[in-house]
Amino acid sequence: MLHLVERAKQGDQEAFDLIVRRFEAMAYAVAFERLHDSHSAEDAVQEAFAEAFIHLRRLKEAEAFPGWFKTIVIRQCHRLVRRKRHPTVPLDQLAQTSGGQPSVPEIVEKRELQQLLHHSISALSSNLRIAVQLFYFQGYSLQEISVYLGTSVPVLKKRLFDARAKLKGTLPVADFVSVFHQLYEGGKRMLHIVNGDVVAEKLRQGVVQGDILVWREVYPEGPVFTEPAEEANRSVRAGYLERTLGIPSAEFIRISEAQEKVRANFRNYEEIVLWFEHDLFDQTMLCCLLHWFAQQSLGTTKLSLLSIGAFPGIELFRGLGQLSVNQMATLSGTWQTVGKEQLELGALVWEAYCASDPDKLVQLLEAGDISALPYVNDAFRLHLSRFPSIRNGLGLVEQITLEMVRGGMTSPLDLFGHIGHKLHGLGMGDLQYWHRLAKLAQGPYPLLKLEGFNAFPGYKDPAQSFRHSTVALTEAGRRVLDGEADWIVLNGIDEWYGGVHLQGWSTPWRWDASHNTLVPWEAAEGE
């Protein structure tokens, strides 16, 4: 920064251009705080840059520029307050005077953004507002703000902490992540529970402090239980996951016991933060954990939640793993305190999901107040759409797979990629999808024909030959896809949907896509 000021003092127009870019947002924040009007604040900033350019040679020490320029901005604000109209020097005119071309963001875009952000923090005191604007919204470092405002770094940290405490209960995560930078809250006595090693690794790169626990489970697959940690229940799941997804039973049990041991020692931490996304994979995991914590006496341990379904600049948000370390850093500290309402709802959803009668889940989604967990409704309705349909016995994943194959897609890897894109709300992993694909190619009347491979990719086994395999629709597949035959009637079923186990050549429940709900099969047959 110092070398830019020195160059600008010697008449270097490019250097002044860079100074304008660096200090424009900071100047606007200070001006807006005093004038409370976007147009007036823009005028003050324009005039301040004009005055700074004209008198820059008078500045004796380059390191004094931030405070010196702030004084100019404040003086211009006072002038505008005293006079209704004051001759201004637009930045584009200043560029012509200086020979440079300062790059200023579009005024309309800035005005809309600043008005939105200022409205969000309008209830804060002046000192807190200016600290939030400069640090979180504009991304200046504490040291830069300290020099500019003449306020010590410890005082700034206290102001930011107070602002966070006041804003935390009023602003959703989506608003925070679009503007917060370099945010950190909490200390080393924290435990962050996440889904996925990729997310954990990024968090470890300075995003958060404390311990990180990767919760490893696949609750959308196989039998689930309200108390999965019980030895008998764990054994049943282990056996199923080994048979269907190839996850070694002994390894599953070892991992489960290890993570449950860490969770059981939660009172060693001041705060537990749950990081979970919007999709079914994560929402089942979240509800299972909330069900467990709802049964515990938390004592002095604080339970928090970061639940996210979108991120600014990412058109199709599929998960935290998409984010860079810097993007992850903007999320740190934006978690919300988990209260009684979230704990109770999470417990109810998990119990309904594990029930052998899906009516409990249907009724909860249709009649219950589930707003405390905003992604529950979409995630678990998508779960219900996996049930056999009233039209042809296909679940949503199988239906779309057959449609894509008939449309000309023959590569299993391409199918998985497109399914993941189209049904990203499931959060389905590759092992889960290979299980679905294998089912379609099995039975007395397989719906798909697979060629050119020896085996499906397995757990820790990429099976490279699979990359060259192809998939084709059989005649039975065509008939089922056209609604001329029923997959369950042709091949039978033996599948788990949460706690619901469907077996045989008929099912007591079917998915009715036209009404977006699950219905008794007898009623569906009579329509």
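The structure we're discussing is the one just above.
Source: prediction; values computed, not measured. (Residues numbered from 1 in each chain as written. Predicted model: local features only at pLDDT ≥ 70, side-chain atom pairs only at ≥ 80, totals over all residues. Heavy atoms only, no water.)

Peer 1: Describe the pairing of strand E1 (residues 190-194), naming the residues involved and giving the relevant values.
Peer 2: Among the five residues that make up E1, five are buried, leaving the element largely enclosed by the rest of the structure. Side chains of E1 alternate between two faces, with Met 190, His 192 and Val 194 and Leu 191 and Ile 193 buried alike. With five bridges joining them, E1 and strand E3 (residues 271-277) adopt parallel strand pairing. Bridged to Met 190 within E3 is Glu 271. By the bridge criterion, four bridges tie E1 to strand E2 (residues 211-214) in an arrangement that is parallel. Bridging from a neighbouring strand, His 192 pairs with Ile 212 of E2. (Buried < 20%, exposed > 50% of the residue type's maximum accessible area, 1.4 Å probe, protein only. Helix = DSSP H or I, 4+ residues; strand = E, 2+ residues; numbered from the N terminus. Pairing = 2+ DSSP bridges.)

Peer 1: Can you break down the environment of Phe 293 residue by residue, with the values?
Peer 2: In this fold, Phe 293 is placed in helix H14 (residues 280-294). On the basis of relative accessible area, Phe 293 is assigned to the buried category, the value being 1%. Taking the C-alpha atoms as reference points, Phe 293 and Glu 344, separated by 51 residues in sequence, lie 9.8 Å from one another. Non-local contacts of Phe 293, meaning those with residues more than four positions away in its chain, are made with Arg 263, Phe 266, Ile 272, Leu 274, Leu 298, Leu 303 and Leu 343. (Contact = heavy atoms within 4.5 Å.)

Peer 1: An account of unusual backbone geometry is requested, with residue identities and associated values reported.
Peer 2: For Asn 516, which is not a glycine, the phi torsion comes out positive at approximately 55 degrees. With respect to the helices, strands and loops of the structure, Asn 516 is situated in the loop between strand E10 (509-512) and strand E11 (517-520).

Peer 1: Quick rundown of the environment of Leu 518? Include the residues and the values.
Peer 2: Summarising the element assignment, Leu 518 is placed in strand E11. A C-alpha to C-alpha distance of 9.8 Å links Leu 518 and Leu 361, two positions 157 residues apart in sequence. Apart from residues lying up to four places away in sequence, Leu 518 is in contact with Pro 358, Val 362, Leu 384, Phe 387, Trp 509, Arg 510 and Trp 511.

Peer 1: Lay out the packing of H14 against helix H18 (residues 376-384) in plain terms, naming residues and giving numbers.
Peer 2: At a minimum axis separation of 9 Å, H14 and H18 run at an interaxial angle of 110 degrees. Here H14 is positioned roughly perpendicular relative to H18, judged by the angle of their axes. Seen along the crossing, H14 lies across H18 with a hand that is left-handed. Residues Leu 280, Gln 283, Thr 284 and Cys 287 of H14 form the contact with H18, whose own contacting residues are Val 376, Ala 379, Phe 380 and His 383. Residue composition of the contact of H14 with H18, grouped by class: five nonpolar, three polar and no charged. (Axes fitted to C-alpha atoms, helices over the stretch in contact; angles between N-to-C directions. Parallel < 35°, antiparallel > 145°, perpendicular 65-115°, else oblique. Left-handed = near helix turned anticlockwise from the far one by under 90°. Nonpolar A, V, L, I, M, F, W, Y, C, P; charged D, E, K, R; others polar.)

Peer 1: Lay out the nonpolar core with the relevant residues and their values.
Peer 2: Ranked by internal contacts, the top residues of the largest apolar core, which has 88 residues, are Ile 193, Ile 272, Leu 274, Phe 293, Leu 303 and Phe 380. Here this core gets 10 residues from one element, more than from any other, and that element is H14. Setting aside residues up to four positions removed in sequence, Phe 380 forms contacts with Leu 280, Gln 283, Thr 284, Cys 287, Val 349, Tyr 353, Leu 361 and Leu 365. Within the second largest apolar cluster, 42 residues are counted, among which are Phe 16, Ala 27, Leu 59 and Ala 62. (Core = buried A, V, L, I, M, F, W, Y, C linked by side-chain atoms within 4.5 Å.)

Peer 1: Tell me about the packing of helix H1 (residues 2-9) against helix H2 (residues 13-35), and please be specific about residues and values.
Peer 2: Running from amino to carboxyl end, H1 crosses H2 at an angle of 130 degrees, the nearest separation of the two axes being 7 Å. As judged from the angle between their axes, H1 and H2 are oblique. Considering the relative orientation of H1 and H2, their crossing is left-handed. Contacts between H1 and H2 pair Leu 4, Val 5, Arg 7 and Ala 8 from the former with Glu 14, Ala 15, Phe 16, Leu 18 and Ile 19 from the latter.

Peer 1: So, the sheet that holds E2: which residues are in play, and what are the values?
Peer 2: Here we have five strands laid out as an open sheet, ordered E2-E1-E3-E4-E5, and mixed in their pairing. Bordering the open sheet on either side are E2 and strand E5 (336-337), each of which pairs with just one other strand. Bridge count between strand E4 (residues 302-308) and E5: two bridges; the pairing is antiparallel. Bridge pairing links Ser 304 to Thr 337 in E5.

Peer 1: For the pattern of salt bridges, give the residues involved together with the corresponding values.
Peer 2: On inspection of all chains with the given rule, the structure shows 17 salt bridges. Across the salt bridge formed by Glu 398 and Arg 436, the nearest N and O atoms sit 3.4 Å from each other. Within this pair, whereas Glu 398 is found in helix H19 (residues 396-406), its partner Arg 436 is found in helix H21 (residues 430-440), the two being separated by 38 residues in sequence. Judged on exposure class, the residue Glu 398 and its partner Arg 436 are both buried. (Salt bridge = Lys/Arg side-chain N within 4 Å of Asp/Glu carboxyl O.)

Peer 1: Lay out the side chain of Thr 151 in plain terms, naming residues and giving numbers.
Peer 2: Position of Thr 151 among the secondary structure elements: in the loop between helix H8 (142-149) and helix H9 (153-167). Residues within four places of Thr 151 in sequence aside, it is in contact with Ser 146, Leu 156 and Arg 159.

Peer 1: Mind laying out helix H20 (residues 412-422), listing which residues take part and the relevant values?
Peer 2: All buried positions along H20 are accounted for by Pro 412, Leu 415, Ile 419 and Gly 420. Taken down its axis, H20 places every buried residue within 130 degrees of arc, on the same side. Turning to H20, the residues buried within the fold contact H19, H21 and strand E7 (470-473). (Arc of directions from axis to C-beta.)

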